[in-house]
There are 2 protein chains.
Amino acid sequence: MKDIIVQKFGGTSVADTDKIKNVARAVIREKDLGNNVVVVVSAMGHTTDVLTKLAKEISPNPSLREMDMLLSTGEGVSIALLAMALQAQGCDAISMNAMQVGIITENIHSNARIIEIKTDKINEHLNSGKVVVIAGFQGVTEDSEITTLGRGGSDTSAVALAGALNAKRCDIYTDVDGVYTTDPRIVPCATKLEQISYEEMLELARVGANVLHPRAVETAKQHQTALRVRSSFKTDDLGTLILGVEKMELHRPVTGVACDLSQMRIVVCDVQDNPGTAAMLFDGLASENISVDMIIQSYARKALNTNDIAFTISKGDWIKTKAILEKLRDTLQYSNIYEDCSIAKISIVGAGMIDRPGIAAKMFRTLANLDINIKMISTSEIKISCLVEQSRANDAVEALHKIFGLDSKEIAVVNGDLPNV
Amino acid sequence: MKDIIVQKFGGTSVADTDKIKNVARAVIREKDLGNNVVVVVSAMGHTTDVLTKLAKEISPNPSLREMDMLLSTGEGVSIALLAMALQAQGCDAISMNAMQVGIITENIHSNARIIEIKTDKINEHLNSGKVVVIAGFQGVTEDSEITTLGRGGSDTSAVALAGALNAKRCDIYTDVDGVYTTDPRIVPCATKLEQISYEEMLELARVGANVLHPRAVETAKQHQTALRVRSSFKTDDLGTLILGVEKMELHRPVTGVACDLSQMRIVVCDVQDNPGTAAMLFDGLASENISVDMIIQSYARKALNTNDIAFTISKGDWIKTKAILEKLRDTLQYSNIYEDCSIAKISIVGAGMIDRPGIAAKMFRTLANLDINIKMISTSEIKISCLVEQSRANDAVEALHKIFGLDSKEIAVVNGDLPNV
């Protein structure tokens, strides 16, 4: 039995026919190593934007079901063209959309989760020597409705396929060449990581690193599928391998430093300090699907029977949040709302910090030495996040990157769209 | 039970989002008359050309299976957008591709025939008050392979759906406003026909009239589905109704005059006059899928034991035909091949000529009076075709149109791409 390798190429990797021919070469290289290859592709370049624009011209609020029907055509184009390119280069290949494979999802449009992947047809084609080119991002319900998987959907398709097929590895080809200790645009001596654990990738994704969607990482972790993030353009660079923490040696307590500028802080002042007040507030936000990240409730001012509640949300959710706070004004009896958009969330992430005390203290001391005020703090087992003034974000990242020994001797060569860790 | 009307809109009718909104209005008008409406659409405007160009950039000879996968995405876009447009105008609607409907075809790519259409899901949606928007041109095999129906495929989809659904009528909306007695570009007083029989439409299609693909007309005839060809732009014009000849009163022997410039004539000179020679020649052509239209074998020259064989083919088949003739040179022992591209096939068509003798004589006399030489003649029950010099084609059409009483008192108002009858 040959090993199965799943390769995933995103929209920029298949943006035009020359790039598709390049992808075909990368596929054939993998096949020539003696592997069975399944390729997952996204829609070409800006296809999704073009289709969305057409839909908006027709309706300000198109139905999600018809949007899925519309957007799923994008991958239909790229899988057919890639199969043709493989055939033109002498490699037997066949394209399959989600319906043909049987990538079964829940019956939810625009953001469905995969329930099951049928593998019999794929295995049949692989055993007859074909490369199988599969449409990412899309799925189908038991009732033959077309669905899409939402943001990072093609990554999720690839990882889920790798799990279902018991693939040896899933290679995510992208426009960055791996996962870095931090954003090389901020710290030029950021280091590309050779390995990182699922858990660390998840924490990094949650603090704004855009390399992989958390759902894809979760799926890989669940199936314990080895995942490689590598560049579509630098084929001799192996990128970063993402795998189980138990397979890694943890040399350093901190693996990466991340900076997230997408959040804002809201303080609800002088809320009545009655039981259930906070629950009412956060239930309200949850019911509108607003994710709250950090929360701090100040000590109650006993005399007034009030306290302040501060929390962070994504800037995009501000209008919805404001409406909910207005609605709750009488219930919460707050005096004032204060919002702050000029914040940055600086996080250090590392599976190695579990057994090493003092990491948090070292972080706080480093920021204090720079005279950077910490507005909020949150922690998990393998992550510590501090909210700071946005204007001091780069200073904070640079200092933390150095103090935790992540600086490389070389300066990262940065090209194209950049790693966001 | 409400009547079902099937409406078909071609690529030019859905070429942009404004046109799609117009189509939605035409659909709602039909629904407001109290009918259940099924809409079949082609891909938007030049989508098919754009996709074909991409494929050619990748491979000079892409596999037909992958071409079908590629091209079928075009209708995926237009059905979703039309469903959105209907919803935006307050009309409940749902789009379905061929796989979702179950438009089952043979397992032949790029030119499949429909075997069966499943109607349960369509009827379910219709009964719940929805307009059902279905992708034309595409089908699916029993094994979930995507196929396409070839030229005129969307017309065929619409007519086959109308048959399967027992529709009251199938309206083909197009960029011409009906079927004319002849091409108004040649004869400005050409008349739009209110009715025409399936058989006449078939004969007209075979002699180069491009209004409807013969396969669509055949399918309508088979199910006795009333077919209406009408303009997407002039909504108050009912166009031309195509129906069974038994339902028509035949006022005139001739219904239309057509001129076909797509053919060329080939003469194979001094072929050995042995049994089976002609069979060998035409078997050779048939094996390469070359359709031969008219055939004349001259009287044998007894002394030499040879004769000449003349036939017409589509100009596009000339290179393939030449190769076959070269290959058969030794077998046929012909002296020479003579080809003639400057010919026109002029045909008169009419179900009414069956019981009226003298129509052919009248045609020949008309041409003779104009000093137009007839190079070949072929006839069917309801059609007579003459091959003439291309330079005299317009004179011939004009004269025949007049002599058979087809001239209208009004001059046809001609706009946009023109009727081709």
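Computed from a prediction, not measured in an experiment: that's the story for all the values here.

Undergrad: I'd love a proper account of the sheet that holds strand E16 (residues 306–314) of chain B, names of residues and values included.
TA: Hydrogen bonds along the backbone pair up the strands of a sheet, which may run parallel or antiparallel. Residue and element names in this part refer to chain B. The four strands lie next to each other as E15-E16-E14-E17, forming an open sheet whose pairing is antiparallel. What marks the edges here is a single partner per strand, and that holds for strand E15 (292–297) and strand E17 (336–340). Pairwise comparison of adjacent strand axes, ignoring direction, gives a mean angle of 15° for this sheet. As paired strands, strand E14 (residues 263–272) and E16 are joined by eight bridges and run antiparallel to one another. Bridge pairing in E16 links Ile 266 to Phe 311. The strands that helix H9 (residues 277–287) touches are E14, E15 and E16; relative to E15, the one it contacts most, it runs at about 165°. Across the sheet, helix H10 (residues 318–327) touches E14, E16 and E17, and the angle it forms with E14 is around 5°.

Undergrad: So what's going on with the packing of helix H1 (residues 17–32) of chain A against helix H3 (residues 64–88) of chain A? Which residues, and what values?
TA: Residues and elements named next belong to chain A. It is the contact of H1 with H3, at a shortest axis distance of 9 Å, that shows an interaxial angle of 60°. The orientation of H1 with respect to H3, classified from their angle, is oblique. Remark: the crossing between H1 and H3 carries right-handed chirality. Residues Thr 17, Ile 20, Lys 21, Val 23, Ala 24 and Val 27 of H1 lie in contact with H3, whose contacting residues are Leu 81, Leu 82, Ala 85 and Leu 86.

Undergrad: Residues and numbers for the domain arrangement of chain A, please.
TA: Here the domain parsing of chain A yields domain 1 (4–174) and domain 2 (247–421). If you average the C-alpha positions of domain 1 of chain A and of domain 2 of chain A, the two centres end up 36 Å apart.

Undergrad: I'd like to hear about the interface of chain A and chain B, residue by residue, with values.
TA: Contact with chain A, which involves 30 residues of that partner, is made by 30 residues of chain B. Listing elements by their share of the side of chain A that touches chain B, those giving two or more residues are H1, helix H2 (47–58), H3 and helix H4 (98–101) of chain A. When residues in the side of chain A that touches chain B are grouped by element, the largest group, 15 residues, is from H3 of chain A. Tallied by class, the residues present in the side of chain A that touches chain B amount to 17 nonpolar, 10 polar and three charged.

Undergrad: Residues and numbers for the nonpolar core, please.
TA: Counting 219 residues, the largest nonpolar core has Leu 82 of chain A together with Leu 82 of chain B as the members making the most contacts within it. The residues touching Leu 82 of chain A, leaving out its near neighbours within four places in the chain, are Val 14, Ile 20, Val 23, Ala 24, Val 39, Val 41 and Val 133 of chain A.

Undergrad: How would you sum up the sheet that holds strand E18 (residues 343–349) of chain A? Please name residues and give values.
TA: All names here are of chain A. Read from one edge of the open sheet, four strands run E13-E18-E20-E19, paired in antiparallel fashion. Two strands in the sheet have a free side with no partner beyond their single neighbour: strand E13 (256–260) and strand E19 (376–380). Along the sheet, successive strands turn relative to each other by an average axial angle of 20°, direction set aside. For E13 and E18, the ladder comprises five bridges, and the chain directions are antiparallel. Residue pairing for E18: Cys 259 is matched across the bridge by Ile 346. Along the sheet, helix H13 (residues 393–403) contacts E13, E18 and strand E20 (383–389); its crossing angle with E18, the most-contacted strand, is approximately 10°.

Calculation notes
- Residues numbered from 1 in each chain as written.
- Chains lettered and ligands numbered in written order.
- Predicted model: local features only at pLDDT ≥ 70, side-chain atom pairs only at ≥ 80, totals over all residues.
- Pairing = 2+ DSSP bridges.
- Helix = DSSP H or I, 4+ residues; strand = E, 2+ residues; numbered from the N terminus.
- Axes fitted to C-alpha atoms, helices over the stretch in contact; angles between N-to-C directions.
- Contact = placed C-beta atoms within 7 Å.
- Parallel < 35°, antiparallel > 145°, perpendicular 65-115°, else oblique.
- Left-handed = near helix turned anticlockwise from the far one by under 90°.
- Domains from an automatic or database assignment.
- Nonpolar A, V, L, I, M, F, W, Y, C, P; charged D, E, K, R; others polar.
- Core = buried A, V, L, I, M, F, W, Y, C linked by C-beta atoms within 7 Å.
- Buried ≥ 20, exposed ≤ 12 C-beta atoms within 10 Å, placed from the backbone.

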